[in-house]
Structures are given as C-alpha cells and as structure tokens.
Amino acid sequence: MTEQLIKKFENDVEKRTRFMRFILVLDQALNVIFWNGSQDETVSSHIGRRIERGDATWFDKKLCCFLKRLENNHC
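Parameters and conventions
Sequence order sets the numbering: in each chain, residues are counted from 1 along the sequence as written. Where totals are concerned, whole chains, interfaces and linings use all residues; where local detail is concerned, this predicted model gives features only for residues with pLDDT of at least 70, and gives and counts side-chain atom pairs only at 80 or more. The basis for every side-chain value is the complete set of non-hydrogen atoms in the structure, without hydrogens or water. The patches described consist of residues with a relative accessible area above 30% and no salt bridge, like charges being joined within 9 Å and nonpolar side chains (Val, Leu, Ile, Met, Phe, Trp, Tyr) within 5 Å. In short, Shrake-Rupley with a 1.4 Å probe defines the accessible areas, and a residue's cover is counted only from the protein chains shown. Any carboxyl oxygen of Asp or Glu that lies within 4 Å of a side-chain nitrogen of Lys or Arg is treated as forming a salt bridge with it. Strands are runs of DSSP state E lasting at least 2 residues, helices are runs of H or I lasting at least 4, and numbering of each runs from the N terminus. The span one expects for a helix is its residue count, reduced by one, times 1.5 Å. Three exposure classes are used, based on accessible area relative to the maximum for each residue type with a 1.4 Å probe and protein chains only: buried under 20%, partly exposed in between, and exposed over 50%. Each C-beta atom gives one direction from the helix axis, and the arc is the one those directions make. In what follows, residue pairs with any heavy atoms lying within 4.5 Å of each other are defined as contacts. The criterion is simple. A nonpolar core is a set of buried Ala, Val, Leu, Ile, Met, Phe, Trp, Tyr and Cys residues joined through side-chain atoms within 4.5 Å.

Trainee: Break down a nonpolar patch on the surface for me, with residues and values.
Mentor: On the surface, Phe19, Met20, Phe22, Ile23, Leu26, Leu30, Val32, Ile33 and Phe34 cluster together into a nonpolar patch covering about 870 Å² of accessible area. Looking at where Leu30 falls in the secondary structure, it is placed in helix H2 (residues 18–35).

Dropping the structure here:
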C-alpha cells in the first residue's frame, strides 16, 4: 500500500507543477468550506453532481458556466 502511495505521489509531481498542485488543494479546500463536500473532490466535480441530481442552486450553475470558460472540462 505504501509503495502505491509513493508511486501516485511521484506521478502527480511529474504531471503537475507545484503551482497547479496548490490550486488543486485550494479548490478541494473551498469544496469543504463552502459546499460541505469531500476533501478529495473539487468544487466543479461537486457542482457537476449537484446539477445532474437537480440540486444545484443558481450560484452553482453560474459558477459552473464561469469555470467552463476557464477550462472546458469543468462540472
């Protein structure tokens, strides 16, 4: 199990810059703070699931539209 975690960490460091890993952590923290979501999930993933279930607020939908402008693969 420990070897798998080390391998996952090494792959993540190779794929993403330190800044992008920081943004990911910030994204996950905001999901916990504002949406009471999982610490392992991003805001856009959480909102995407809320939209699919029909539980999204108008703010969720607007934020999703904004995030899609930054990167097409959101929500």
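Trainee: Give a description of helix H4 (residues 58–70) that names residues and reports values.
Mentor: Under the 1.5 Å per step criterion, the end-to-end length of H4 is 19 Å for 13 residues, consistent within 8% with the ideal 18 Å. Of the positions making up H4, those classed as buried are Asp60, Leu63, Cys64 and Leu67. All buried residues of H4 lie within an arc of 105 degrees about the axis, which places them on one face of the element. Of the exposed residues in H4, those oriented more than 90 degrees away from the buried face are Trp58, Lys62 and Arg69. Taken together, the buried residues of H4 touch H2 and helix H3 (43–53).

Trainee: I'd love a proper account of the nonpolar core, names of residues and values included.
Mentor: In terms of nonpolar packing, the biggest core is built from six residues, these being Trp35, Val43, Ile47, Leu63, Cys64 and Leu67. Of all elements in the fold, only H3 and H4 reach the threshold of two or more residues within this core. Examining the composition of this core, we find that three residues originate from one element, H4, more than from any other. Dropping the residues within four chain positions of it, Leu63 is found in contact with Trp35, Val43 and Ile47.

Trainee: Run through the side chain of Gln28, naming residues and quoting values.
Mentor: Along the chain, Gln28 falls in helix H2. Residue classification places Gln28 among the buried residues on the basis of a relative accessible area of 19%. Each residue touching Gln28, except ones within four places of it in the same chain, is listed here: Ser38, Gln39, Asp40, Glu41 and Thr42.

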